[in-house]
Amino acid sequence: MGLQSFFGKALSHFNRKSIKRETLRSIIDSEQENSGVVNIHRYDPSNIGDFYCGPHHYFPQLKDKYLDIFDYKRENTEQRAHFISTVVANSLIIGGGGLLNREGFNLQLDAFAELSRKGKKTVLWGVGHNAKERSTFGKSLNYNIDTEKFGLVGVRDYGRKELWVPCVSCLHPTFQQTDAVVNELGVIFHKKTLKNKKLTAKFDGIPSTSNDSDFDEVVRFIKQTDTIVTDSYHAMYWSILLEKKVLVIPNSSKFYDFKYKPVITNFESFKTDLNKANRYTGVLAECCEVNTHFGEKVFDYLNL
């Protein structure tokens, strides 16, 4: 890397960091209102798990009321101004997704906790830990935020002091529909894994798709496959909902604390673990019921 390129990247990083802190400080220093509600999550259409984990997709009270949690750092001043004004004016539903124990979301979550102290109504809905350090995988992991600073809390990680509320995407109507199984085995890659052509080449001949594909296509693929191997959290979740056998290749801590455990494996030797996988029944109905009841609590809390 040339010296000019190095300093250019360093300056860009400094500017982004400055933008982030300036945006959040502007929000915190403002007089807070609870005039309406907005659902803040990682609104990323190129990652269907991130995209469909927002409650605004499933409840009429939240229709079209969303923000991308990354809009606070956009270089576009109008986007940042919209983020600031929307957060200041509204109660906040934060989640779902792996927003906890992930550096990219630390500043926002700390700011939202501070807003709660200033009278902002705040809800954590279906959030969970998402640490990338392998030393955390399968370990008892403390959250990097104090969830007691938020008004109402539901987390997708099971067995904690907080209320268990799995990802709200279970409420999508497509999961109520069935399809005939045509594949004994299938692979669903995380979109980042697709960049590793040497790895994906090992799966030539095995039906596959990825989490940057069309949502309906991915769910149809799951329905038509008996056993799913994946390194995508939501592919794991949706496969369990649809009563498939599931093996996961973990790329963060998030795979370890779902209530219904998949088989943990790796890309090199997953075939030797196929006979360990089982299927769970009744999970879809349970997850839908939990989210429906949590929604009632949320809308009562927010007076919606």
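Residues numbered from 1 in each chain as written. Predicted model: local features only at pLDDT ≥ 70, side-chain atom pairs only at ≥ 80, totals over all residues. Heavy atoms only, no water.

(A) Structural context of the confidence of the model for the chain. Residue-level pLDDT values for the chain average 93, and 95% of them are 70 or greater. Low confidence marks residues 6-14, where pLDDT is under 50. Its contacts with residues over four positions away, or in another chain, come to two contacts. (pLDDT = per-residue confidence, 0-100. Contact = heavy atoms within 4.5 Å.)

(B) The sheet that holds strand β8 (residues 183-189), seen in detail. Pairing is parallel in the open sheet, where five strands are placed in the order β9-β8-β10-β11-β12. Each edge of the open sheet carries a strand with a single partner, namely β9 (208-210) and β12 (263-264). Taken strand by strand, helix α6 (residues 215-223) contacts β8, β9 and β10 (225-230), and its axis lies near 145° from that of β8. The strands touched by helix α7 (residues 233-241) within the sheet are β8, β10 and β11 (245-248), with β11 carrying the most contacts at an inclination of about 165°. (Pairing = 2+ DSSP bridges. Helix = DSSP H or I, 4+ residues; strand = E, 2+ residues; numbered from the N terminus. Axes fitted to C-alpha atoms, helices over the stretch in contact; angles between N-to-C directions.)

(C) Broad picture of empty space enclosed by the protein. Applying the stated rule across the entire model yields one cavity of 30 Å³ or more. Considering only enclosed or pocket space, the largest cavity measures out at about 30 Å³ in volume. If you trace the largest cavity, you find it lined by I240, K244, V246, K261, P262, V263, N278 and Y280. When grouped by side-chain class, the residues that make up the lining of the largest cavity number five nonpolar, one polar and two charged. (1 Å grid on protein atoms, 1.4 Å probe; cavity = no way out; pocket = protein on both sides within 12 Å on 5 of 7 lines; lining within 4 Å. Points joined across faces, edges and corners; volume = space filled by probe spheres on them. Nonpolar A, V, L, I, M, F, W, Y, C, P; charged D, E, K, R; others polar.)

(D) View of the nonpolar core. Counting residues in hydrophobic clusters, the biggest one holds 46 residues, and the most contacted among them are W125, Y237, F258 and V298. Only α2 (48-52), β5 (122-129), α6, α7, β11 and α8 (283-301) provide two or more residues apiece to this core. Every residue in contact with V298, bar those within four places of it in the chain, is listed here: I93, V123, W125 and L152. Listed in part, the 30 residues of the second largest apolar core include L24, I69, Y143 and F150. (Core = buried A, V, L, I, M, F, W, Y, C linked by side-chain atoms within 4.5 Å. Buried < 20%, exposed > 50% of the residue type's maximum accessible area, 1.4 Å probe, protein only.)

(E) Structural context of the pattern of salt bridges. Following the criterion strictly, the structure yields twelve salt bridges and no others. We note a salt bridge from K191 to D44, for which the minimum N-O separation is 3.4 Å. Residue K191 is found in the loop between β8 and α5 (197-200), and its partner D44 is found in the loop between β1 (36-41) and α2; the two are separated by 147 residues along the sequence. A residue is classified by how much of its surface remains accessible, and K191, at 24% relative accessible area, is partly exposed. Across the salt bridge formed by E286 and K259, the nearest N and O atoms sit 2.5 Å from each other. With a gap of 27 residues between them, E286 in helix α8 and K259 in the loop between β11 and β12 connect regions that are remote in the sequence. The network of salt bridges with shared partners includes R42, D68, D71 and R74. (Salt bridge = Lys/Arg side-chain N within 4 Å of Asp/Glu carboxyl O.)

(F) Spatial organisation of α7. Counting buried positions along α7 yields nine of nine residues, so the element is predominantly enclosed. All of the buried residues along α7 are Y233, H234, A235, M236, Y237, W238, S239, I240 and L241. Structurally, α7 contributes buried residues whose contacts are with α2, β8, α6, β10, β11 and α8. Looking one or two residues past α7, E243 carries a phi angle of roughly 65°, positive in sign.

(G) Spatial organisation of the pairing of β11. Examined bridge by bridge, β10 and β11 share four bridges and lie parallel to one another. By the bridge assignment for β11, V229 is matched with L247. Taking the sense of rotation as the criterion, the β-α-β connection linking β10, α7 and β11 turns out right-handed. (Right-handed = clockwise from strand over helix to strand, strands pointing away.)

(H) Up close: the packing of aromatic side chains. Per the counting criterion, the structure on display carries 24 aromatic pairs. Note on F189 and F267: the rings are 6.3 Å apart at their centroids and 35° apart in plane angle, and the pair reads as tilted. Separated by 78 residues along the polypeptide, F189 in strand β8 and F267 in the loop between β12 and α8 bring together distant segments of the chain. Exposure class is identical for F189 and F267. Each is buried. Pairwise contacts between aromatic rings join Y43, F51, Y52, Y66, F175, F215 and W238 into one cluster. If you follow R156 out to its NZ or CZ, it ends over the ring of Y233, 3.8 Å from the centre. (Phe/Tyr/Trp six-rings, centres within 6.5 Å; stacked < 30°, edge-to-face > 60°. Lys NZ or Arg CZ within 6 Å of the ring centre and 35° of its normal.)

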